[in-house]
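# Structural overview
Listed below are the residues making up each chain.
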Amino acid sequence: MTHNTPAWLNIIAPDGSKVDVAYIQRGLLPFDTPLAAGRPIFSFIIAEPGVYTLKMPRKLLEVYITPDVVTGREGALWLVLILELAFVSLIASVPIMRTRRQRAARVAEVKGLKTVNGDAFWAQAKEKRTKSKR
């Protein structure tokens, strides 16, 4: 389907004029409303309140009309999503880092117990030997 193809949805305003309908060229984004099934297809502007008539092919289908809060704000929404994920990751990493630090301290303590300080042993032996020779 090309973007020059006329939309199969026609919207008639209360005064009888036709509302411009444009295809949405993007797919479904995480920011689109979860209350409507499927992906966004058309975009149109309702300038004034009233009763609008929607004309479409005779095939039975469900159409959800929701406000578009995404178009033109994709960059800001992605930035907010990334910041939220970074914040959640930071909060989740605090207990993990604390546990790693505690584990590293315990390992270092055990390694310290396993290490024999030979200099201290020979210094003690030399001191005992000099005391016994006196």
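Residues numbered from 1 in each chain as written. Predicted model: local features only at pLDDT ≥ 70, side-chain atom pairs only at ≥ 80, totals over all residues. Heavy atoms only, no water.

### As for the environment of Ile-12
How we decide: Going along the chain from the N terminus, every DSSP run of H or I of four or more residues is numbered as a helix, and every run of E of two or more is numbered as a strand. Burial here depends on accessible area, computed with a 1.4 Å probe over protein chains only, as a share of the maximum for the residue type. Under 20% is buried, over 50% is exposed, and the range in between is partly exposed. Throughout, a residue-residue contact means that at least one pair of heavy atoms, one from each residue, lies within 4.5 Å.
Locating Ile-12 in the fold gives a position in strand E1 (residues 10-12). Residue Ile-12 is classed as partly exposed on the basis of its relative accessible area of 23%. Along the chain, Ile-12 and Lys-114 lie 102 residues apart, while their C-alpha atoms are 85 Å from each other. Other than its neighbours up to four places away in sequence, Ile-12 contacts Ser-17, Val-51, Tyr-52, Thr-53 and Lys-55.

### Observations regarding helix H1 (residues 74-114)
This is how the line gets drawn: To estimate how far a helix should extend, the number of its residues minus one is multiplied by 1.5 Å. In this scheme, the bend at a residue equals the angle between the axes fitted to the seven residues that finish there and the seven that begin there.
With 41 residues, H1 should reach 60 Å at 1.5 Å per residue; the first-to-last C-alpha distance of 58 Å fits that figure. At Ser-93, H1 is bent by approximately 30 degrees, the largest bend along its length, and proline Pro-95 sits one to four residues beyond.

### Re the packing of aromatic side chains
Spelled out, the test is: Stacked, edge-to-face and tilted are the three classes for Phe, Tyr and Trp ring pairs, Trp counted by its six-membered ring, which pair at centre distances within 6.5 Å; planes under 30 degrees apart are stacked, over 60 edge-to-face, the rest tilted.
Scanning all chains against the criterion turns up 2 aromatic pairs. Summarising the aromatic geometry, the rings of Trp-8 and Phe-42 are spaced 5.0 Å apart at their centres and angled 70 degrees between planes, so their arrangement reads as edge-to-face. With Trp-8 in the segment before E1 and Phe-42 in strand E4 (residues 42-44), this residue pair connects regions lying 34 residues apart in the sequence. Here Tyr-23 and Phe-42 contribute two aromatic rings whose centre-to-centre distance is 5.0 Å and whose plane-to-plane angle is 45 degrees, an arrangement assigned as tilted. Note that Tyr-23 is positioned in strand E3 (residues 21-23) and Phe-42 in strand E4, a separation of 19 residues in sequence. There is no split in this pair, since Tyr-23 and Phe-42 are both buried. Joined through ring pairs, the aromatic side chains of Trp-8, Tyr-23 and Phe-42 make up one cluster.

### Regarding the sheet that holds E1
Put simply, the rule reads: Pairing between two strands requires that DSSP report at least two bridges joining them.
Here 3 strands make up an open sheet; going across it, the order is E2-E1-E5 and the pairing antiparallel. Edge positions in the sheet fall to strand E2 (18-19) and strand E5 (53-55), since each has one partner strand and no second. Bridging between E1 and E5 involves 3 bridges; their strand directions are antiparallel. Following the sheet pairing, Ile-11 is matched in E5 by Leu-54.

### Digging into helix H2 (residues 118-133)
Given a rise of 1.5 Å per residue, 16 residues ought to cover 22 Å, and the 23 Å separating the end C-alpha atoms of H2 matches this to within 8%. Taking burial as the measure, the 16 residues of H2 include 0 buried ones, a minor fraction of the element.

### Overview of the confidence of the model for the chain
Note the cut-off: Here pLDDT means the predictor's own confidence in every residue, given as a number from 0 to 100.
Here the chain averages 82 in pLDDT, while 95% of its residues score no lower than 70. Least confident of the elements in the chain is H2, whose mean pLDDT is 80; most confident is H1, at 90.

### Some words on the nonpolar core
How we decide: Throughout this description, the term nonpolar core refers to a set of buried Ala, Val, Leu, Ile, Met, Phe, Trp, Tyr and Cys residues connected via side-chain atoms within 4.5 Å.
Ranked by size, the top nonpolar core spans 8 residues in total: Ala-7, Leu-9, Ile-11, Ala-13, Val-19, Tyr-23, Phe-42 and Tyr-52. Those residues in contact with Phe-42 that lie beyond four places of it in its chain are Ala-7, Trp-8, Leu-9, Val-21, Ala-22, Tyr-23 and Ile-24.

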